[in-house]
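Analysis of the macromolecular model
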Amino acid sequence: MKKDFVLPVIVLAVICLVMSGALALINHVTYPIVSEAAAERAELAMREIIPGADEFVLLSNEGLPESIVEAYTTSNNTGFIFIVTTFGYGGEITIICGIDPQGLIINTLTLSHTETKGISDPVFNMQPEYIGKDVSLAGIDAISGATITSNAYKKGISDAFLAFEIIK
């Protein structure tokens, strides 16, 4: 009876330890590669938002809204970049928002989201409507059928403006 019980438990424990070690080794090897690729994608996205920037300088998040993941300024004073995480109907939405020194949106871009495809698409297709808007976001209305996602996106942009006011 003991042999029928103890031996399988020991075998499963050894298998778990070996697999955990293998996963840790794979993570150790791939983490720098994945981190570098993510940094390159972020740099490309920031260059898309503010094409005239020569360098992005990471700012402190201290005192900024909790939704601000990262904040950058440009070394040639062409604007600010805010990476914002907000929550819509389907979960997390990560937005990158560029604001010029006068307080107008240069551009916005959705980095990732878990919203329902199809239903939320109009929200992410209206990103060009944010270009040139100020903190009032006048003229930006919720999308019928995707109101929660629309409001979450708008709140993320509003948080970027709040961070802009604190930083400038």
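Read on for a plain summary of the structure. This is a predicted model, so every value here is computed, not measured.

1. Observations concerning the sheet that holds strand β3 (residues 80-87)
Read across the sheet, five strands follow the order β1-β2-β3-β4-β5 without closing on themselves; strand pairing throughout is antiparallel. The open sheet has two edge strands, β1 (56-59) and β5 (105-113), and neither has a second partner. In this sheet, neighbouring strand axes are inclined to one another by 25° on average, regardless of whether the strands run parallel or antiparallel. Where β1 lies against strand β2 (residues 68-74), four bridges are found, and the strand directions are antiparallel. Looking at β2, one finds that Phe56 is bridged to Thr74. Lying on the sheet, helix α3 (residues 147-167) is in contact with β1, β2, β3, β4 (92-99) and β5; it crosses β3 at an angle near 140°.

2. Focus on the environment of Lys154
Tracing the chain through its elements places Lys154 in helix α3. Here the alpha-carbon distance between Lys154 and Ser112, two residues 42 residues apart in the chain, equals 15 Å. Leave out the neighbours within four places in its chain, and Lys154 touches Tyr130, Leu137 and Ile140.

3. Quick look at the packing of aromatic side chains
Per the stated rule, a full pass over the model turns up three aromatic pairs. For the ring pair Tyr130 and Tyr153, a centre distance of 5.4 Å and an interplane angle of 50° mean the geometry is tilted. Placement of the pair is Tyr130 in the loop between α2 (121-125) and α3 and Tyr153 in helix α3, with a sequence separation of 23 residues. Members of the aromatic cluster, joined through ring pairs, are Phe80, Phe82 and Phe164.

The rules behind the values
- The residue numbering used here restarts from 1 in each chain and proceeds along that chain's sequence as written.
- Only residues with pLDDT of at least 70 get local features here, since the model is predicted, and only at 80 or more are side-chain atom pairs given and counted; chain-wide, interface and lining totals rely on the full set of residues.
- Only hydrogens and water are set aside when side-chain values are computed; all heavy atoms of the structure are taken into account.
- Any two strands with at least two DSSP bridges between them are considered paired.
- Think of it this way: any DSSP run of H or I at least four residues long counts as a helix, any run of E at least two long counts as a strand, and we number them from the N terminus.
- Axis lines are fitted through C-alpha atoms, for helices just across the contact stretch, and the angle between N-to-C directions can take any value from 0 to 180 degrees.
- The contact rule is simple, with two residues in contact once any of their heavy atoms fall within 4.5 Å.
- Any pair of Phe, Tyr and Trp rings, taking the six-membered ring for Trp, is counted once the centres come within 6.5 Å. Such a pair is stacked with planes under 30 degrees apart, edge-to-face with planes over 60 apart, and tilted for the rest.

Everything listed is a geometric property; what it means functionally is a separate question.
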